[in-house]
Amino acid sequence: MQQRKNDFYLRQANSEDMMLLFDWVNEKTVRENSFSTDMISIDKHKEWFQKSLQNKDRFIYILMKDDLPLGQIRFDVSDEEAEIDYSIDKAYRNKGIGNIIISLGIERITKDCNRVKTIVAKVKGTNAYSQKCFIRNGFEEYGKISDSDYEIVEYRKS
Ligand SMILES: CC(C)(COP(=O)(O)OP(=O)(O)OC[C@H]1O[C@@H](n2cnc3c(N)ncnc32)[C@H](O)[C@@H]1OP(=O)(O)O)[C@@H](O)C(=O)NCCC(=O)NCCS
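Residues numbered from 1 in each chain as written. Predicted model: local features only at pLDDT ≥ 70, side-chain atom pairs only at ≥ 80, totals over all residues. Heavy atoms only, no water.

### Comments concerning the layout of surface pockets
For step 1, the next point in the chain: Here the largest pocket defines a volume of roughly 1600 Å³.
For step 2, the next point in the chain: Lining the largest pocket are 48 residues, with Val30, Asn33, Tyr86, Ser87 and Asn127 sitting closest to its centre.
For step 3, the next point in the chain: With seven residues, helix α5 (residues 128–136) is the single largest residue contributor to the lining of the largest pocket.
For step 4, the next point in the chain: Split by residue class, the lining of the largest pocket holds 20 nonpolar, 14 polar and 14 charged.
For step 5, the next point in the chain: Every residue lining the second largest pocket is listed: Gln12, Ala13, Ser52, Leu53, Gln54, Asn55, Lys56, Arg58, Phe59, Ile60 and Tyr61.
For step 6, the next point in the chain: Residue assignment for the lining of the second largest pocket shows that the elements contributing at least two residues are α3 (42–54) and β2 (58–65). (1 Å grid on protein atoms, 1.4 Å probe; cavity = no way out; pocket = protein on both sides within 12 Å on 5 of 7 lines; lining within 4 Å. Points joined across faces, edges and corners; volume = space filled by probe spheres on them. Helix = DSSP H or I, 4+ residues; strand = E, 2+ residues; numbered from the N terminus. Nonpolar A, V, L, I, M, F, W, Y, C, P; charged D, E, K, R; others polar.)

Here is the structure:
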């Protein structure tokens with residue numbers, strides 16, 4: 001389905017998003033595509049989220065269409081690099097929204113944190129849909145790291 005990027009917007013995550021992000025992070029495919037596949041407890045998530053909201057180098061945005069939250073994108077900034085984590089609500093996948101959240105996310109992080117020059121994405125070798133999203137957004141493969149359990153493909157865009 002063709003989506004119009006203008007129909008979507010990003011807003012900064014706030015303390016009221018704690019349970020939304022908790023549900024998303026423990027969704028089955030999100031866990032499978034993460035480097036640590038264990039389920040995350042509510043206590044661990046609460047601690048992580050509260051610290052994240054205070055962390056000046058971490059930027060978490062919620063993708064919205066009208067009043068509906070559709071996904072999240074996070075950037076962890078270190079020097080001039082920002083590493084991406086993102087996901088789309090299971091009910092809205094495979095509709096072109098993954099491509100849109102990355103595009104809007106990059107526009108936003110480079111405005112909100114103007115020292116960012118390079119966006120870094122590390123994706124499991126098995127996560128073909130996410131790899132397509134990065135390639136469609138102009139990322140280039142930078143290298144591959146093989147762990148004993150899985151392969152990680154690193155993409156970069158400057
Ligand atoms: C990865 C993820 C964010 C992609 O979001 P999405 O909204 O489903 O992605 P899109 O609809 O924009 O599709 C991206 C590409 O994958 C393809 N794709 C996505 N789901 C597909 C499916 N079920 N079957 C076939 N192709 C599919 C699309 O055709 C598209 O390819 P194209 O750019 O060549 O047209 C989403 O699947 C997700 O949240 N996964 C769990 C979390 C995750 O893996 N996060 C990324 C960690 S690096």
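Read on, since the account is not over.
### Brief notes about the nonpolar core
For step 1, the next point in the chain: Counting 30 residues, the largest nonpolar core has Leu63, Phe75, Ile109, Ile119, Phe134 and Phe139 as its most contacted members.
For step 2, the next point in the chain: Of all the secondary structure elements, the ones that give two or more residues to this core are β1 (8–12), β2, β3 (68–78), β4 (81–88), α4 (97–112), β5 (118–124), α5 and β7 (151–157).
For step 3, the next point in the chain: With seven residues, α4 is the single largest residue contributor to this core.
For step 4, the next point in the chain: Residues contacting Ile109, with those up to four places away along its chain left out, are Phe59, Tyr61, Phe75, Val77, Val116 and Ile119.
For step 5, the next point in the chain: Residues Ala13, Trp24, Phe49 and Ile60 belong to the second largest nonpolar core, which totals eight residues. (Core = buried A, V, L, I, M, F, W, Y, C linked by side-chain atoms within 4.5 Å. Buried < 20%, exposed > 50% of the residue type's maximum accessible area, 1.4 Å probe, protein only. Contact = heavy atoms within 4.5 Å.)

### Comments concerning α4
For step 1, the next point in the chain: Here α4 is 16 residues long and its end C-alpha atoms lie 22 Å apart, about the 22 Å a rise of 1.5 Å per residue gives.
For step 2, the next point in the chain: Taken residue by residue, α4 has Ile97, Gly98, Ile100, Ile101, Ile102, Ser103, Leu104, Gly105, Ile106 and Ile109 as its buried positions. (Expected span 1.5 Å × (residues − 1).)

### Observations regarding the site of the ligand
For step 1, the next point in the chain: The immediate surroundings of the ligand are formed by 18 residues, with Tyr86, Asn94, Gly96, Gly98 and Arg136 found nearest.
For step 2, the next point in the chain: Here Ile88 contributes a backbone N or O atom positioned 2.8 Å from an oxygen atom of the ligand.
For step 3, the next point in the chain: Burial of the ligand by the surrounding chains reaches 79%, relative to a free accessible area of 920 Å².
For step 4, the next point in the chain: Mapped by element, the contributors of at least two residues to the shell around the ligand are β4, α4 and α5.
For step 5, the next point in the chain: Among the elements that make up the shell around the ligand, the one with the highest residue count is α5 (five residues).
For step 6, the next point in the chain: Its residues assigned to classes, the shell around the ligand comprises six nonpolar, eight polar and four charged. (Near = heavy atom within 4 Å. Polar contact = N/O pair within 3.5 Å; in protein donor to acceptor, adjacent residues only side chain to side chain. Areas by Shrake-Rupley, 256 points an atom, 1.4 Å probe, with all protein chains shown as cover.)

### A short note on the environment of Glu47
For step 1, the next point in the chain: Mapped onto the elements, Glu47 comes out in helix α3.
For step 2, the next point in the chain: On the basis of relative accessibility, which here comes to 45%, the residue Glu47 falls in the partly exposed class.
For step 3, the next point in the chain: Along the backbone, Glu47 and Leu68 are 21 residues apart, and their C-alpha atoms lie at a distance of 26 Å.

### Examining the packing of α4 against α5
For step 1, the next point in the chain: Relative orientation of the contacting elements α4 and α5 amounts to 45°, with a least axis distance of 9 Å. Put simply, α4 runs oblique to α5. Judged by the sense of rotation from one axis to the other, the crossing of α4 with α5 is right-handed. Across from Gly98, Asn99 and Ile102 in α4, the residues of α5 making contact are Lys132, Cys133, Phe134 and Arg136.
For step 2, the next point in the chain: Grouping the amino acids of the contact of α4 with α5 by side-chain chemistry returns three nonpolar, two polar and two charged. (Axes fitted to C-alpha atoms, helices over the stretch in contact; angles between N-to-C directions. Parallel < 35°, antiparallel > 145°, perpendicular 65-115°, else oblique. Left-handed = near helix turned anticlockwise from the far one by under 90°.)

### Topic: the packing of aromatic side chains
For step 1, the next point in the chain: The full count for this structure, using the stated rule, is six aromatic pairs.
For step 2, the next point in the chain: Taking the centre distance of 6.4 Å and the plane angle of 65° together, the rings of Tyr61 and Phe75 count as edge-to-face. Pair noted here: Tyr61 is in strand β2 and Phe75 is in strand β3, with a separation of 14 residues, a long-range link. Here Tyr61 and Phe75 have matching classes, each one buried.
For step 3, the next point in the chain: For the pair Phe134 and Tyr155, a centre-to-centre distance of 6.2 Å together with 20° between the ring planes defines the contact as stacked. In this pair, Phe134 is assigned in helix α5 and Tyr155 in strand β7, connecting sequence segments 21 residues apart. With respect to class, Phe134 is no different from Tyr155; both count as buried.
For step 4, the next point in the chain: Through successive ring pairs, a cluster of aromatic residues spans Tyr86, Phe134, Phe139 and Tyr155.
For step 5, the next point in the chain: When the ring centre of Tyr150 is taken as reference, the NZ or CZ atom of Lys124 above it lies at 4.6 Å.
For step 6, the next point in the chain: Here the guanidinium or amino end of Arg156 rests over the ring plane of Tyr142, the centre of that ring lying 4.1 Å away. (Phe/Tyr/Trp six-rings, centres within 6.5 Å; stacked < 30°, edge-to-face > 60°. Lys NZ or Arg CZ within 6 Å of the ring centre and 35° of its normal.)

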